[in-house]
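The lines below spell out each chain.
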Amino acid sequence: AWGYWHDGDDMNGDHRYNWVAAGDRIGLEMRNLVCDANAVRLGNSALRSDTLEITHVDYANNIIAFKRWDLNGNIVLAIVNLGETNFENHSYGVNTGQAGYWDQILCTQDSRYGGWDGAGNAFHLPSTQPDGRIYLNVPKWSVVVMKWQGYN
């Protein structure tokens, strides 16, 4: 098996990358991330909509968050940490622009992708606090994606 990606016809009849070629540990972690990120996008029509609201900008820590939604009530909040600071113990407050409860659907620093256990917010269902924020783990050099779960 070999990897390929090109625009012309080929004897295999398609143009996909053969992920078997990326068989080492790092390749497998990247394969997991690409697969899961695609599943998050496909499973959330908000991420394919024309909506966008930047809800949080923190220049000091190099963090930005944005919200996307659709007309069916699918609301997704993406938090991007481009800095070296690792926020643990659900200590980082992110403006949501939306009341209610949130559940993590992706954390790019999870061990499955080469990060570490406990990097994200598994089993943590934060609600938007009176200050308009949810309090999360936000790992360094990561993207954390939260999905709105409603008001209950």
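Read on for an overview of the structure. Values in this document were obtained by computation on a predicted structure and should not be read as measured data.

### A word on the side chain of Thr55
Here comes step 1: Here Thr55 is to be found in strand β1 (residues 53-58).
Here comes step 2: Its relative accessible area of 13% is what places Thr55 among the buried residues.
Here comes step 3: Polar contacts involving the side chain of Thr55 include one to the main-chain carbonyl oxygen of Asn95, which spans 2.7 Å.
Here comes step 4: In this structure, Thr55 is in contact with Ala65, Phe66, Lys67, Leu77, Asn95, Thr96 and Gly97, ignoring residues within four places of it in sequence.

### As for the sheet that holds strand β7 (residues 142-150)
Here comes step 1: Taken in spatial order, the 5 strands line up as β1-β2-β3-β7-β5 in an open sheet, and their pairing is antiparallel. Here the strands that pair on one side only, and so sit at the sheet edges, are β1 and β5 (101-107). Going across the sheet, the axis of each strand differs from the next one's by a mean of 20°, ignoring polarity.

### Digging into the side chain of Asn137
Here comes step 1: By secondary structure assignment, the location of Asn137 is in strand β6 (residues 133-138).
Here comes step 2: In terms of polar contacts, Asn137 uses its side chain to reach the backbone amide nitrogen of His90, at 2.7 Å.
Here comes step 3: Contacts of Asn137, omitting those with residues within four sequence positions, involve Phe87, Glu88, Asn89, His90, Gly118, Ala119, Gly120, Asn121 and Val144.

### Some points on the pattern of salt bridges
Where side chains of opposite charge bring their charged atoms close, a pairing between them can arise.
Here comes step 1: Following the criterion strictly, the structure yields 2 salt bridges and no others.
Here comes step 2: Between Arg112 and Asp36 there is a salt bridge, and its shortest N-O distance comes to 2.8 Å. Of this pair, Arg112 sits in the loop between β5 and β6 while Asp36 is found in helix α1 (residues 25-43), placing the two residues 76 residues apart along the sequence.
Here comes step 3: Overall, Arg112 belongs to the partly exposed group, its relative accessible area being 43%.

### Notes on the pairing of β7
Here comes step 1: Note: strand β3 (residues 75-81) against β7, 6 bridges, orientation antiparallel. Each bridged residue has a counterpart across the sheet, and for Asn81 the counterpart in β7 is Ser142.
Here comes step 2: Direction of pairing for β5 relative to β7: antiparallel, over a ladder of 6 bridges. Paired with Tyr101 across the two strands is Gly150, which belongs to β7.

About the cut-offs
- Residues numbered from 1 in each chain as written.
- Predicted model: local features only at pLDDT ≥ 70, side-chain atom pairs only at ≥ 80, totals over all residues.
- Heavy atoms only, no water.
- Helix = DSSP H or I, 4+ residues; strand = E, 2+ residues; numbered from the N terminus.
- Buried < 20%, exposed > 50% of the residue type's maximum accessible area, 1.4 Å probe, protein only.
- Polar contact = N/O pair within 3.5 Å; in protein donor to acceptor, adjacent residues only side chain to side chain.
- Contact = heavy atoms within 4.5 Å.
- Pairing = 2+ DSSP bridges.
- Axes fitted to C-alpha atoms, helices over the stretch in contact; angles between N-to-C directions.
- Salt bridge = Lys/Arg side-chain N within 4 Å of Asp/Glu carboxyl O.

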